[in-house]
Every structure is written in C-alpha cells, then in structure tokens.
Amino acid sequence: MDREQEVELARKLIGGEPEAFDRFVEHFRGKIFQYSWLMCGHREDAEEVAQETLLKVFENFGQIREAERVRPWVFRIAKNACLMKRRKSVFAPARELSLDELMPAKTGTDGEVRIEIADWVAQPDDLLLQAELRQTLGIAIRELPEMYRTVLLLRDLEELSTHETAEILDLSEDVVKTRLHRARLAVRQKLDARLRSERPSLSAQQNEG
C-alpha cells in the first residue's frame, strides 16, 4: 500500500467505515512493530508497544482531521509508547552511549579526526543484499543513541518528510537534518566495517573460481 492508498484508507475511517479499520491495522501493524523493535531492541517490548499503539489509535482516531496526516500521527503515538516502554523495561540499557562512542575514527596527518568510509560503488550488489549484512544493518541501527535512531527510522524507514519528523519529535527541521546525517554516517561506518571484512573471503572465492 503506497502513501496515497494509505491516505484514502484513513479517509474511509474518518468517514465512519468500520470495515476499513481491519485493513488499517493490517497495514500499520508491521510498520509499527519494525519501528518499535529497532527502537526498543527487544521483541517482547516491541510487541507490547505495537499493541498499545494500535489500541491508542483505535481509541483516538476521532482526533484525526486530515487524512494526509495519518502516518505522522500514528508514529507520534508509537514514539511515545516506545519512550514509556523503555523507561519501564527490564531490557533498557543503564546508559545510552553517545554517537562518538559508537563511531571509530582515525586521525589524519593534519590532526583532524575523520571517519574512514570505503567506496561502496566498488562492492558487488549481491553482497549488499546478503542476509548477514541486513542483520548487521539492524544491529547498527539499534546501537544508535535513541535521539539519532528515531530520526533515522522515521526518515529512512518510514519515509516521512523532514517536516513531519520534526513535528513528531518536537524538534526543528535543522536538528532533524543534522541528526539524520550523523546517524546515516554512523550506520554506514558499521556496514563499511562489515564490507571490509568480507573482502578477503570474496577474493578467495573469485580466485578459486
């Protein structure tokens, strides 16, 4: 279901078509769970957050006045549910690492700290699609500090606009852009490290072939 179909479905719900809610739940359940799982870090928490979010959506759908705003509205509820769950969860970390603690850096000859990123264009397409790399991507996202993780998920996973993301998180658009840039860089660094580790095995396979 694309964004236009999603908006049309919301219009039907606003118009009082009860059968539209089942389709709405079916459409959003997976999206909310994926967001919650990557935000909370544990399936049990994510399942509870997804259920709570859908319940609150059902209870408060009368608040929606503009069908075009349905996705940002749903994910604002999911964001708040995630925050509440993380405060109470037994799985919550004792301390959130800073982004700098997660990003190995190298110091150049001029003394400036830089992040070394490989050229992905040279990497085989099939390598980028491997299940292990997708798993690494999930881990890299979950390791991001919450303030960066949620921006990345809303912008890149849910494809919300910068403006919509800023409204959901109560931030300025400039802050959203800055956090998104840093989050993408941190995740790319993690994937880059994995790609580098794959190079020897790929070269060996090519030589054997």
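Since the model is a prediction, treat every value here as computed from it, not as a measurement.

**Some thoughts on the overall build of the chain**
Item 1. What the chain contains, in helices and strands, is 10 helices and 2 strands.
Item 2. Listing every helix and strand of the chain by position from the N terminus yields α-α-α-α-α-β-β-α-α-α-α-α.
Item 3. Counting every position in the chain, which comprises 209 residues, the buried fraction comes to 39%.
Item 4. In the chain, the proportion of contacts linking residues at least 24 apart, taken out of those at least 6 apart, comes to 70%.
Item 5. Counting only carbon and sulfur atoms, one obtains 49% of the accessible surface of the chain, whose full area is about 12200 Å².

**Considering helix 8 (residues 146-157)**
Item 1. Buried within helix 8 we find Y148, R149, T150, V151, L152, L153 and L154.
Item 2. One or two residues past the end of helix 8 sits E159, with phi positive at roughly 55°.

**Overview of helix 2 (residues 19-40)**
Item 1. Here helix 2 spans 31 Å end to end across 22 residues, near enough to the 32 Å set by a 1.5 Å rise per residue.
Item 2. Within the sequence span of helix 2, burial applies to A20, F21, F24, V25, H27, F28, I32, Y35, S36, L38, M39 and C40.
Item 3. Within two residues after helix 2, G41 carries a phi angle of roughly 90°, on the positive side.

**Here we look at the pattern of salt bridges**
Item 1. With the rule as written, the count across this model stands at 11 salt bridges.
Item 2. One salt bridge in this structure joins R11 and E8, with 3.3 Å as the shortest N-O distance. Here E8 and R11 lie together in helix 1 (residues 3-14), a separation of 3 residues that amounts to about one turn.
Item 3. For R11, a relative accessible area of 40% gives the class partly exposed.
Item 4. Classification of E8 as partly exposed rests on a relative accessible area of 36%.

**Re the side chain of R179**
Item 1. Secondary-structure assignment places R179 in helix 10 (residues 173-208).
Item 2. Those residues in contact with R179, other than ones at most four positions away along the chain, are M147, Y148, V151 and L171.

**Overview of the nonpolar core**
Item 1. Formed by 47 residues in total, the largest nonpolar core has its most connected members in F24, Y35, F61, V74 and F75.
Item 2. At the level of elements, helix 1, helix 2, helix 3 (43-60), helix 4 (70-88), helix 7 (131-143), helix 8, helix 9 (162-169) and helix 10 are the ones that each hand at least two residues to this core.
Item 3. Filtering out sequence-adjacent residues up to four positions away, F75 remains in contact with F28, K31, I32, Y35, L154, E158 and I168.

**Thoughts on the state of the cysteines**
Item 1. Per the counting criterion, the structure on display carries 0 disulfides.
Item 2. For C40, which is in no disulfide, the shortest distance to another cysteine sulfur is to C82 and amounts to 3.9 Å.
Item 3. By relative accessible area, C82 is classed as buried at 1%.

**Some words on a negative patch on the surface**
Item 1. Residues E17, E19, D22 and E26 make up a contiguous surface patch of negative charge.
Item 2. Along the chain, the position of D22 falls in helix 2.

Calculation criteria
Residues numbered from 1 in each chain as written. Predicted model: local features only at pLDDT ≥ 70, side-chain atom pairs only at ≥ 80, totals over all residues. Heavy atoms only, no water. Helix = DSSP H or I, 4+ residues; strand = E, 2+ residues; numbered from the N terminus. Buried < 20%, exposed > 50% of the residue type's maximum accessible area, 1.4 Å probe, protein only. Contact = heavy atoms within 4.5 Å. Areas by Shrake-Rupley, 256 points an atom, 1.4 Å probe, with all protein chains shown as cover. Expected span 1.5 Å × (residues − 1). Salt bridge = Lys/Arg side-chain N within 4 Å of Asp/Glu carboxyl O. Core = buried A, V, L, I, M, F, W, Y, C linked by side-chain atoms within 4.5 Å. Disulfide = S-S within 2.5 Å. Patch = residues over 30% accessible without salt bridge, like charges linked within 9 Å, V, L, I, M, F, W, Y side chains within 5 Å. Lys, Arg positive; Asp, Glu negative; His and termini not counted. Charge placed at Lys NZ, Arg CZ, Asp CG, Glu CD.

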